[in-house]
Amino acid sequence: MKKRIIIAAAITACLALCAAMWPQAETVGETPAVIVPEAAVVELKTEAETALPSEKEILQWGAEYNAKFAESVTKTINAIGTVDLSKESQIAEARKSYNALTSEQKELISADTLKVLTDAEKKIVSLKAEKKTQDEAKKKAEEAAKKKAQQEALKKKYTPSKTSIKSIKKLKKNQVKLTWKKVKNATGYEVYQSMKKNSGYKKVKTITKNKTVTYKAGKLKKKKTYYFKIRTYRKAGGTTYYGNYSNVKKSLFRSLNRAKTVSNTNSFSTPTYSSVSS
């Protein structure tokens, strides 16, 4: 069909050229001009009209042309298949091909085919958002793990050694003196006191000097048992690192007892004190 159109155009051009070069009646001086036979002109016109396609043929050819483009785009869309992030560029190309169609060609794309494309685009948006969330969570987890590893390294480096209580000695009826082992890599010490061995400890004193290894605990009540333990600490880079608690030691104040002997009926014994490791 295209060939016929080209032939018709060529014949038409030829007729125009002939009409321009061969005038039918012209004299040059006394010599008559060349006259183009009328029959030849009629024959050329007839051939040109015969070569030109009819309106119906042109419309049919246009419909076939549009159908081929629509079919090509339909195949491109249906080739998407299962959607994942690796199909992002393929889906973008399918959209580009669809947008390049004329309005007549787009009408030839079925609603189901177009839905495949739009659903694929929505899926890509969803998958990208999901991946972004996962990447951010992964990044946070990696940063947290890195920070934790750094903190653990610093803790291992700066955590002071554990001390131990050497003795508890009575000073007055309601006072005792604690003495513990000095720790070289400690900034200071914390003293904890409780009336129960395994719970209820409260910090009663913070020692800020490494060389100070004694503490006087006062206001202790008779007939009560007190438990003590010490914890070392070290300050470095604005952070305080704590060592493990020391061993627990207890102090026991006994009540006053009357003497059994007659000669000492009016005298009282002094309070007694014992220190027991536990």
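Look up: the structure comes first, before these words.
We now turn to the structure provided with this report. Computed from a prediction, not measured in an experiment: that's the story for all the values here. (Residues numbered from 1 in each chain as written. Predicted model: local features only at pLDDT ≥ 70, side-chain atom pairs only at ≥ 80, totals over all residues. Heavy atoms only, no water.)

Points about the packing of helix 3 (residues 55-78) against helix 6 (residues 111-158)
At a closest axis distance of 9 Å, the pairing of helix 3 and helix 6 adopts a crossing angle of 45 degrees. On the basis of the axis angle, helix 3 is oblique to helix 6. Seen along the crossing, helix 3 lies across helix 6 with a hand that is left-handed. Mapping the contact onto sequence places Thr-74, Ile-77 and Asn-78 in helix 3 and Thr-113, Val-116 and Leu-117 in helix 6. (Axes fitted to C-alpha atoms, helices over the stretch in contact; angles between N-to-C directions. Helix = DSSP H or I, 4+ residues; strand = E, 2+ residues; numbered from the N terminus. Parallel < 35°, antiparallel > 145°, perpendicular 65-115°, else oblique. Left-handed = near helix turned anticlockwise from the far one by under 90°. Contact = heavy atoms within 4.5 Å.)

Here's the deal with a nonpolar patch on the surface
A cluster of nonpolar side chains, namely Trp-61, Tyr-65 and Phe-69, defines an oily patch on the protein surface of about 300 Å² accessible area. By secondary structure assignment, the location of Phe-69 is in helix 3. Relative accessible area serves as the criterion here: at 38%, Phe-69 is assigned to the partly exposed category. (Patch = residues over 30% accessible without salt bridge, like charges linked within 9 Å, V, L, I, M, F, W, Y side chains within 5 Å. Areas by Shrake-Rupley, 256 points an atom, 1.4 Å probe, with all protein chains shown as cover. Salt bridge = Lys/Arg side-chain N within 4 Å of Asp/Glu carboxyl O. Buried < 20%, exposed > 50% of the residue type's maximum accessible area, 1.4 Å probe, protein only.)

Digging into helix 6
Here helix 6 is 48 residues long and its end C-alpha atoms lie 70 Å apart, about the 70 Å a rise of 1.5 Å per residue gives. Listed in full, the buried residues belonging to helix 6 are Thr-113, Leu-117, Ala-120, Ile-124 and Leu-127. Here the buried face of helix 6 lies against helix 3 and helix 4 (88-99). (Expected span 1.5 Å × (residues − 1).)

Here we look at the environment of Val-125
Locating Val-125 in the fold gives a position in helix 6. The exposure class of Val-125 is exposed, given its relative accessible area of 57%. Residues Val-125 and Glu-88, 37 residues apart in the sequence, show an inter-C-alpha distance of 9.4 Å.

Structural notes on helix 3
Taking 1.5 Å as the rise per residue, helix 3 with 24 residues should run 34 Å; its terminal C-alpha atoms sit 34 Å apart, in good agreement. For helix 3, the elements touching its buried residues are helix 4, helix 5 (103-106) and helix 6.

Some remarks on the side chain of Thr-163
Locating Thr-163 in the fold gives a position in the loop between helix 6 and strand 3 (165-172). A residue is classified by how much of its surface remains accessible, and Thr-163, at 2% relative accessible area, is buried. Polar contacts involving the side chain of Thr-163 include one to the main-chain carbonyl oxygen of Lys-181, which spans 2.5 Å. For Thr-163, the contacting residues outside a window of four places in its chain are Trp-180, Lys-181, Val-183, Ile-230, Thr-232, Ser-246 and Asn-247. (Polar contact = N/O pair within 3.5 Å; in protein donor to acceptor, adjacent residues only side chain to side chain.)

Regarding the pattern of salt bridges
One pass over the full model with this rule turns up seven salt bridges. The salt bridge involving Glu-190 is made with Arg-231; its shortest N-O contact spans 3.0 Å. Note that Glu-190 is positioned in strand 5 (residues 188-194) and Arg-231 in strand 8 (residues 225-236), a separation of 41 residues in sequence. Of the two residues, Glu-190 and Arg-231, neither departs from the other in class, the shared state being buried. One salt-bridge network, held together by shared partners, links Glu-190, Lys-203 and Arg-231.

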